[in-house]
Amino acid sequence: MHGLYLASVTLHILAAVTWIGGMFFLVLVVVPWLRRGNRAAAGAFLRETGLAFRTVGWVCFGILVVTGTFNLWVRGVRLETFANRAWLASSAGHAVTLKLLVFALVIAVSAVHDFRLGPRAAAEIEADPDSHVAHRLRRQASWLGRVNVLFALALVVLGVIIVRGW
Ligand code: HEM
């Protein structure tokens, strides 16, 4: 069982670094490079790489939920534990419930960004990169991406706190 637990934590951390690393690359390298370059090509590039990274991101979310749930199970957390007032008031209870809340926000923001705003922004940028709509959608999609980067950092900190305490 201990081997399975070690494999689960390792896979959990790998899924976290894959998703977060990909977001940092997009925000810090791809988007600034696209802003300096050929706008018309930017739309096609963003659409194709955005779609590819969307798949990677949601596969990572799936792995994080499965391994995260198993990690919680190994730590003795069961569904009924969330009805236990003493546990909810404990530092471990705080860390886990806060982490699940932030993760739910990440899923909501990612769903809007990946399935609505992102594809619409890439299509508008491709159609007319200098249009008012393209600018507005690109700005909104960028801000959602940045919000998710902040949530991702909070999830890593909460993961470390779950393991080591506040
Ligand atoms: C994007 C989402 C997530 C990220 C970035 C993330 C990140 C991390 C990191 C970096 C650790 C390792 C901390 C350490 O060893 O010091 C960790 C641990 C942990 N995470 Fe997550 N996590 C995410 C989602 C989840 C979810 C959805 C759950 C629960 C369903 C979860 C439950 C846990 C648990 C229980 C641990 C402790 C593992 C252990 O026992 O050592 N995580 N997380």
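As a starting point, this report considers the structure included with it. (Residues numbered from 1 in each chain as written. Predicted model: local features only at pLDDT ≥ 70, side-chain atom pairs only at ≥ 80, totals over all residues. Heavy atoms only, no water.)

Description of the coordination of the iron atom of the ligand
Now for step 1: Protein coordination at the iron atom of the ligand: the donors are His12 (NE2) and Lys99 (NZ), at 1.9 to 2.0 Å from the metal.
Now for step 2: Of note is the iron atom of the ligand, whose 6 donor atoms meet at the metal with angles of 79 to 179° in an arrangement that counts as octahedral. Here His12, found in helix H1 (residues 2-36), pairs with Lys99, found in helix H4 (residues 91-127); they are 87 residues apart in sequence, far enough to count as distant. As far as the burial class goes, His12 and Lys99 line up, both buried. (Donors = N, O, S within 2.8 Å, 3.2 Å for Na, K, Ca; no water. Tetrahedral: all angles 85-135°; square planar, octahedral: opposite > 155°, others 65-115°. Helix = DSSP H or I, 4+ residues; strand = E, 2+ residues; numbered from the N terminus. Buried < 20%, exposed > 50% of the residue type's maximum accessible area, 1.4 Å probe, protein only.)

Side note on a positive patch on the surface
Now for step 1: Together, Arg116, Arg120, Arg136 and Arg139 give the surface a local cluster of positive charge.
Now for step 2: Taken together, the elements giving at least two residues each to the positive patch come down to H4 and helix H5 (132-164).
Now for step 3: Residue position: Arg116 is located in helix H4. (Patch = residues over 30% accessible without salt bridge, like charges linked within 9 Å, V, L, I, M, F, W, Y side chains within 5 Å. Areas by Shrake-Rupley, 256 points an atom, 1.4 Å probe, with all protein chains shown as cover. Salt bridge = Lys/Arg side-chain N within 4 Å of Asp/Glu carboxyl O. Lys, Arg positive; Asp, Glu negative; His and termini not counted. Charge placed at Lys NZ, Arg CZ, Asp CG, Glu CD.)

Here's the deal with a nonpolar patch on the surface
Now for step 1: The grouping of Phe24, Phe25, Val27, Leu28, Val29, Leu150 and Leu153 at the surface amounts to a nonpolar patch, some 630 Å² of accessible area in total.
Now for step 2: Counting only elements with at least two residues in the nonpolar patch, the list comes to H1 and H5.
Now for step 3: If you tally residues by element for the nonpolar patch, the top one is H1, at 5 residues.

Comments concerning the packing of H1 against H5
Now for step 1: Interaxial distance between H1 and H5 falls to 10 Å at its minimum, and their mutual angle equals 150°. Here H5 runs roughly antiparallel to H1, going by the angle between their axes. Crossing hand, H1 versus H5: left-handed. Of the residues in H5, those touching H1 at Trp19, Ile20, Met23, Phe24, Val27 and Arg35 are Arg138, Ser142, Arg146, Asn148, Val149, Ala152, Leu153 and Val156.
Now for step 2: Grouping the constituent residues of the contact of H1 with H5 by class yields 9 nonpolar, 2 polar and 3 charged. (Axes fitted to C-alpha atoms, helices over the stretch in contact; angles between N-to-C directions. Parallel < 35°, antiparallel > 145°, perpendicular 65-115°, else oblique. Left-handed = near helix turned anticlockwise from the far one by under 90°. Contact = heavy atoms within 4.5 Å. Nonpolar A, V, L, I, M, F, W, Y, C, P; charged D, E, K, R; others polar.)

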